[in-house]
Amino acid sequence: SQVSFEEESQKQPVVGHWKPLMPSKGNKEELETGCQDAGGVGETQSTEQLNVSRLRSSSVEIREKGSEFLKDELHKAQKELKLKDKECERLSKVREQLEQELEELTASLFEEAHKMVREANTKRAAAEKQLREARGKIDMLQAEVTALKTLVITSTPSSPNRELHPQLQSPSKAGFRKGHGRNKSTSSAMVSAASQNVAPEPVSRECREVDSILFAEFQAWKESPTLDKSCSFLDRIYREDVGPCLDFTKQELSELVRVAVEQNTLTIEPVASQTLPVVKVAAEECGGPKKCALSGLPRTCKHRIMLGDSGNYYYISPSCRARITAVCNFFTYIRYIQQGLVRQDVELMYWEVMRLRREMSLAKLGFYPSEM
């Protein structure tokens, strides 16, 4: 190194002493020795200088190589940084897209939720409206049932309320009614029955005994009431009472009357008197005020019937009207039982049925009230 070279140069003997020009033999040897020593010192100095230059060149080379290496590393780092920036930019775009999709999804969910809430509110309002309407209908039906029960109590076939059954009124009281009214209970009739507290007429005391066969048939029918005449209870009544009671001379018309009574579509109305205004009837009127359409006999006809909505009127005598009315009263009562409107003991219902059968038997034999 330079330090060791300076130290060695300081140790060299100082040149500049005067020596003889013609040295002696001994001096000659010393001179040769000194020249050799001076040559060796020069070679050492040149070697050291060469080493220093080499060291300097190697350090420069090392510096250059290190600089190149650092530049390469810096270039690589810059490339990686650019890639990282691109990746960050891509991830940022992905995040923004996800955030936008999340916002849209949240908005759509909120909109769907609001829509469902609105639909639920609409359905609830409709359901509440239907509930109110249903409750109103239930109240109306309960009122009608109550009125119908009152009608059953105050106007049973055993003690009919003649205000509720115009067909039972006398011609002087009933008068002529426009159009036609079917022999069945309507809501207006039930309301009027509910508003009137008519006490039933007293029934005369009489001895009676239950027929075991008839009572058993009635009990079996009462377990599952029906209007099908194939059951033993109604089959017997059809054979013994209804059939003979509605068996008139005019067989074809008799069959039509029986069907209308069974279907509850028969209308009975009084004939207009001379004092009432004349009402034009477009339908065909069979028979006449002096001839019965069912029996064909000349009788004073105070009433006429219409079958369903046919528009054809048929004049009937008081006897025929009594027979038809007796059958209608029987069917009305068993319809009440079938609909569950009669709340009585089974035996009381049985005796009411028997009384209605007796009325049919008397009517088919020709007995009828004078007001008919």
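As recorded by an unreviewed UniProt entry, the chain carries the name R3GEF factor and is attributed to Cephalopterus ornatus. Annotation of the chain in UniProt includes, under Sequence similarities (unreviewed entry), the sentence "Belongs to the SEC2 family."

> Would you take a moment to explain the overall build of the chain for this structure?
On a plain count of helices and strands, the chain comes out with nine helices and four strands. Each helix and strand of the chain, ordered N terminal to C terminal, gives the series α-α-α-α-α-α-α-β-β-β-β-α-α. Within the chain, the proportion of its 372 residues that are buried is 28%. Within the chain, contacts between residues separated by at least 24 positions form 73% of all contacts whose residues are at least 6 apart in sequence. A total accessible area of about 25,600 Å² is found for the chain, and carbon and sulfur atoms account for 55% of it.

> I tried to follow the packing of aromatic side chains on my own but got confused; where do I start?
Describing an aromatic ring pair means giving the distance of the ring centres and the angle of the ring planes. Inspection of every chain in the model, using the stated rule, returns eight aromatic pairs. Centroid distance Phe215 to Tyr350: 5.2 Å. Interplanar angle 90°. Geometry classified as edge-to-face. With a gap of 135 residues between them, Phe215 in helix 5 (residues 212-223) and Tyr350 in helix 9 (residues 346-364) connect regions that are remote in the sequence. Centre to centre, the rings of Phe218 and Tyr350 are 6.1 Å apart; their planes meet at 55°, and the pair counts as tilted.

> So what exactly am I meant to see when it comes to the packing of helix 8 (residues 318-338) against helix 9 here?
A pair of packed helices is captured by two measures, namely the crossing angle of their axes and the spacing between those axes. Look at helix 8 against helix 9: their axes get within 8 Å of each other, and the N-to-C directions meet at 165°. Viewed along their axes, helix 8 and helix 9 adopt a mutual orientation that is roughly antiparallel. Between helix 8 and helix 9 lies a crossing whose hand is left-handed. Residue-level inspection shows Ala322, Arg323, Ala326, Val327, Asn329, Phe330, Tyr333 and Ile337 of helix 8 in contact with helix 9, the latter providing Met349, Glu352, Val353, Leu356, Glu359, Met360, Ala363 and Lys364. Tallied by class, the residues present in the contact of helix 8 with helix 9 amount to 11 nonpolar, one polar and four charged.

The rules behind each value
- Residues numbered from 1 in each chain as written.
- Predicted model: local features only at pLDDT ≥ 70, side-chain atom pairs only at ≥ 80, totals over all residues.
- Heavy atoms only, no water.
- UniProt positions renumbered as here; feature names shortened; annotations may be inferred.
- Helix = DSSP H or I, 4+ residues; strand = E, 2+ residues; numbered from the N terminus.
- Buried < 20%, exposed > 50% of the residue type's maximum accessible area, 1.4 Å probe, protein only.
- Contact = heavy atoms within 4.5 Å.
- Areas by Shrake-Rupley, 256 points an atom, 1.4 Å probe, with all protein chains shown as cover.
- Phe/Tyr/Trp six-rings, centres within 6.5 Å; stacked < 30°, edge-to-face > 60°.
- Axes fitted to C-alpha atoms, helices over the stretch in contact; angles between N-to-C directions.
- Parallel < 35°, antiparallel > 145°, perpendicular 65-115°, else oblique.
- Left-handed = near helix turned anticlockwise from the far one by under 90°.
- Nonpolar A, V, L, I, M, F, W, Y, C, P; charged D, E, K, R; others polar.

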